[in-house]
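Coordinate inspection notes
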Amino acid sequence: MNRLIGELLRRHVLRVAAAYLITGWLIMQIVSVMTPALNLPDWVDGFFAVLLIAGFPLALLLAWAFEMTPEGVKLTAAVPDGESIAPNTGRKLDFAIVAALAVMIAFIAWQQLAPRDAAPASTAAANAADASVAVLPFIDLSAAGDQEYFSDGISEEILNVLVRIPGLGVAGRTSSFAFKGRNEDLREIGEALGVNHVLEGSVRRSGSRLRITAQLIRSSDGFHIWSETYDREIADIFDIQDEIAGAVAGELAISLGIDWQPQAHDRTSDIEAYELYLQARQLYFRRGQRNIETAALLLHEVVARDPDYAPGWIALAGVYSVYESYQPRAAVDDFPYWRRIGLAAAQRAAALDPRSGEAQAYIGVFLTLRHDWVASYQAFDRAVELEPQNAAVLDIFAQNLIDTGYFVDARELAVRAVTLDPLVPIYHNTLGWASMEHPDYGGDTALEEFRLARALGPDLPFSYNNAVRALFSRGRREETGQVFEDILRQGIYPEAAREPIDRLMEAWAAGDTALRALAEDSTFWRSGIADLLEDMEMALDIAEANWSTEPRSSLALFLGLEANYRNHPRWRQHIRDLGLLELWQVRGFPEGCQALGTDDFQCEALPIR
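Predicted model, so just to flag it, every value in this text is computed and none were measured. (Residues numbered from 1 in each chain as written. Predicted model: local features only at pLDDT ≥ 70, side-chain atom pairs only at ≥ 80, totals over all residues. Heavy atoms only, no water.)

Things to note about the overall build of the chain
Within the chain, the regular secondary structure consists of 27 helices and ten strands. Roughly 28,500 Å² of accessible area belongs to the chain as shown, and the carbon and sulfur atoms make up 55% of that amount. (Helix = DSSP H or I, 4+ residues; strand = E, 2+ residues; numbered from the N terminus. Areas by Shrake-Rupley, 256 points an atom, 1.4 Å probe, with all protein chains shown as cover.)

Written out as structure tokens, the structure reads:
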């Protein structure tokens, strides 16, 4: 045995083994980092592993059988003892081993220590305020390319875990998902979303097997802070999501001083129910009548399979909060039925998950549709208290605050929503809407937000309609004509609307007499014409017709010319009929309004700016 060991040492077999193992380890570490970074196929890292394992005995065999000589490589048995330079070769191998060990130690330090010690302890607290991350939609690398809903869902679930971590800023889902498939530079993404870290990854699914890769990258310089690959069964999906979110939170906590502790989350043990939930969520975000209807059907099945799965109920409430907006007006008799389902779903979600701000926000939405104002606003306040960083919750509340005249509060929430999720067109639309009658802002600010909303969402009709309304109120004819052209070009209005638009613009150019004649001849633009003519009685006639027939709770009480008839007896009576006076008495009167005694009020006309 001693002779064998001595011969192994003389022929440098053990030195070759050590050098091979260290070098092989380094190669696999580099491959494991580069494979997800370059989105290489799954077999790449396996190929290198097999190649290195197969090469190990071959390297040992070559070391045993051959020796380096001044004349080149020769069989060891053919080298006379006096001509062997094995000692010199051994020293060179020793140097190579030491060098490889140094590289190995440096690699470990780079991969593990540098990110965590990048900020000294004295600056960690300061950096904690800047801790932020965007979760980009994971790429679907499945062979059939039919798992997008699944990869999107995984990204969203990880985001939902991260967003609950105190001190960590998380870019909103919609803004992060706006970069899907765009292959933009991570530094540009970080700048656009206002974050200093980006989490990206991919999902490959084959039957019940999953391979999920994830990597956390510093957006300022593209530095890879952390990466991992998970090969699991689909039944382990929740564990994987928690591991990824936990690893990301842990890395940021160490490097930026975030105080983070793992928390329990709502889960379902029914994997099929979870997949249906993910499919429904994807359809919900895509909108459209067919998508919304299908999402509702899927979510009904989800909650039937697992009645205790709170996210399923929250998603169902969300679907029904927009359901009637995608139905024809002929279905108005079904609206109360859908609203009852939505409210019941939201209440069930709140009972299952008292921490959910979304559930409370949807309760508020459905209670406003019943004009149960005090209870609805208690739910909205609770929603913001529970999830102050949830842009969707903030936007929902802001829209309802606008409806009831609280423009200052609405704008504050709308600004926060845009800051959290800056690429969502509806949030900019809400911010513009809140700015229109705000005492410190007005038309120009509103129009800029409507412009941003149109740029981000060219097919969003609200931002076009609101821009037209703001321009009408301010008598800005040329700009109104430009927005009308955009409306027709984008297909927001059918081409058949061009003729009445042309008639309106011609009458506007001709003067008040032509506008009044057009209003008597056609009801198509009567509301806008009333604004242009500053005809309060005409505007009230139109408003009262809407108040008596409009199935939605879009009250249209405070915008445009409405702001100037806020002390008209007909308008004040409608406020009482809606029950809004009770809300104002409990919550406080909106800007420009005040109590008169115990059961009356007055409001000042707001100047159009």
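Considering the nonpolar core
Within the largest apolar cluster, 147 residues are counted, with the highest numbers of intra-cluster contacts made by L162, L199, I212, W226, I244, F484 and W584. A per-element tally of this core places helix α12 (residues 310-323) first, with nine residues. In this structure, I189, L193, V195 and I217 belong to the second largest nonpolar core, which totals ten residues. (Core = buried A, V, L, I, M, F, W, Y, C linked by side-chain atoms within 4.5 Å. Buried < 20%, exposed > 50% of the residue type's maximum accessible area, 1.4 Å probe, protein only.)

So, the packing of helix α14 (residues 357-369) against helix α16 (residues 391-403)
For the pair α14 and α16, the least separation of the axes is 9 Å and the interaxial angle reads 20 degrees. By the angle between their directions, the pair α14 and α16 is classed as roughly parallel. For the pair α14 and α16, the crossing hand works out as left-handed. Residue-level contacts link G357, E358, A361, Y362, V365 and T368 of α14 to V393, I396 and N400 of α16. Here the contact of α14 with α16 is built from residues that sort into five nonpolar, three polar and one charged. (Axes fitted to C-alpha atoms, helices over the stretch in contact; angles between N-to-C directions. Parallel < 35°, antiparallel > 145°, perpendicular 65-115°, else oblique. Left-handed = near helix turned anticlockwise from the far one by under 90°. Contact = heavy atoms within 4.5 Å. Nonpolar A, V, L, I, M, F, W, Y, C, P; charged D, E, K, R; others polar.)

Notes on the environment of S473
Among the structural elements, S473 can be located in helix α20 (residues 461-473). Between the C-alpha atom of S473 and that of I529, which follows or precedes it by 56 residues, the distance is 9.3 Å.

Here we look at the packing of aromatic side chains
Under the definition given, this model contains 13 aromatic pairs. Both rings, one in Y377 and one in F380, keep their centres 5.7 Å apart while their planes meet at 90 degrees; by these two values the pair is edge-to-face. Placement of the pair is Y377 and F380 together in helix α15 (residues 373-386), with a separation of three residues, close to one helical turn. Grouping residues by exposure puts Y377 and F380 together as buried. Put simply, the rings of Y320, Y323, F335 and W338 pair up and form one aromatic cluster. (Phe/Tyr/Trp six-rings, centres within 6.5 Å; stacked < 30°, edge-to-face > 60°.)

A closer look at unusual backbone geometry
Positive phi outside glycine occurs at H371, with the angle close to 60 degrees. Relative to the helices and strands, H371 resides in the loop between α14 and α15. Look at E534: it is not a glycine, yet its phi comes out positive at around 55 degrees. Secondary-structure assignment places E534 in the loop between α24 (526-533) and α25 (536-549). Given a relative accessible area of 66%, E534 falls into the exposed group.

Observations concerning the pairing of strand β6 (residues 197-206)
Of all ten residues making up β6, seven are buried, and the element is well covered by its neighbours. In this sheet, β6 lies alongside strand β3 (residues 132-135) in parallel orientation, the contact comprising two bridges. What sits directly across from A134, in β6, is V198. With two bridges connecting them, strand β4 (residues 139-140) and β6 associate as parallel partners. Paired with D140 across the bridge in β6 is V203. Note that β6 and strand β7 (residues 209-218) share ten bridges and pair antiparallel. Looking at β7, one finds that R204 is bridged to R211. Between β6 and β7, which pair antiparallel and follow one another directly, the connecting turn spans two residues, one of which, G207, has a positive phi of 65 degrees. (Pairing = 2+ DSSP bridges.)

Describing the state of the cysteines
Here, the word disulfide means a covalent bond between the sulfur atoms of two cysteines. The tally for this structure, following the rule as stated, stands at one disulfide. Covalent S-S linkage joins C593 and C603, the inter-sulfur distance amounting to 2.0 Å. Between C593 and C603 the disulfide shows an S-S torsion of about 110 degrees. By sign, it is right-handed. Here the residue C593 occupies a position in strand β9 (residues 593-596), and C603 occupies one in strand β10 (residues 600-603), the gap between them amounting to ten residues. With respect to class, C593 is no different from C603; both count as buried. (Disulfide = S-S within 2.5 Å.)

Side note on the packing of helix α17 (residues 407-420) against helix α18 (residues 425-436)
Here α17 crosses α18 at 155 degrees, and the two axes come no closer than 8 Å. Taken together, the axis directions place α17 and α18 in an arrangement best described as roughly antiparallel. For the element pair α17 and α18, the recorded crossing hand is left-handed. Between α17 and α18, the residues in contact are F407, A410, R411, A414, V415, A417 and V418 and Y427, H428, T430, L431, W433, A434 and S435, respectively. Class assignment of the residues belonging to the contact of α17 with α18 gives a composition of ten nonpolar, three polar and one charged.

Details of the pattern of salt bridges
Under the criterion given, the structure shown has 28 salt bridges. Of the charged contacts in the structure, one is a salt bridge between R187 and D185, with a shortest N-O distance of 3.1 Å. The partner of R570 in a salt bridge is D541, with the nearest N and O atoms 2.7 Å apart. Highlighted residues: R570 in helix α26 (residues 569-578) and D541 in helix α25, separated in sequence by 29 residues. Residue classification places R570 among the partly exposed residues on the basis of a relative accessible area of 23%. Of the residues examined, D541 reaches a relative accessible area of 41% and is grouped as partly exposed. Connected via shared salt-bridge partners are E148, D152 and K180. (Salt bridge = Lys/Arg side-chain N within 4 Å of Asp/Glu carboxyl O.)

A short note on the pairing of β7
The element β7 is extensively covered by neighbouring structure, given that eight of its ten residues are classed as buried. Where β7 and strand β8 (residues 223-233) come together, ten bridges link them in antiparallel fashion. Bridge pairing in β8 places A214 opposite E228. Between β7 and β8, which pair antiparallel and follow one another directly, the connecting turn spans four residues, one of which, G222, has a positive phi of 75 degrees.

Brief notes about helix α8 (residues 186-193)
Within α8, the full set of buried residues consists of L186, I189, G190 and L193. End-on view of α8: buried residues confined to an arc of 100 degrees, all on one side of the axis. Close packing links the buried residues of α8 with β3, α7 (173-177), β6 and β7. Its side-chain oxygen 2.7 Å from the backbone nitrogen of R187, D185 forms the N-cap of α8. Positive phi appears at G194, one or two residues downstream of α8, with a value of about 70 degrees. (Arc of directions from axis to C-beta. Polar contact = N/O pair within 3.5 Å; in protein donor to acceptor, adjacent residues only side chain to side chain.)

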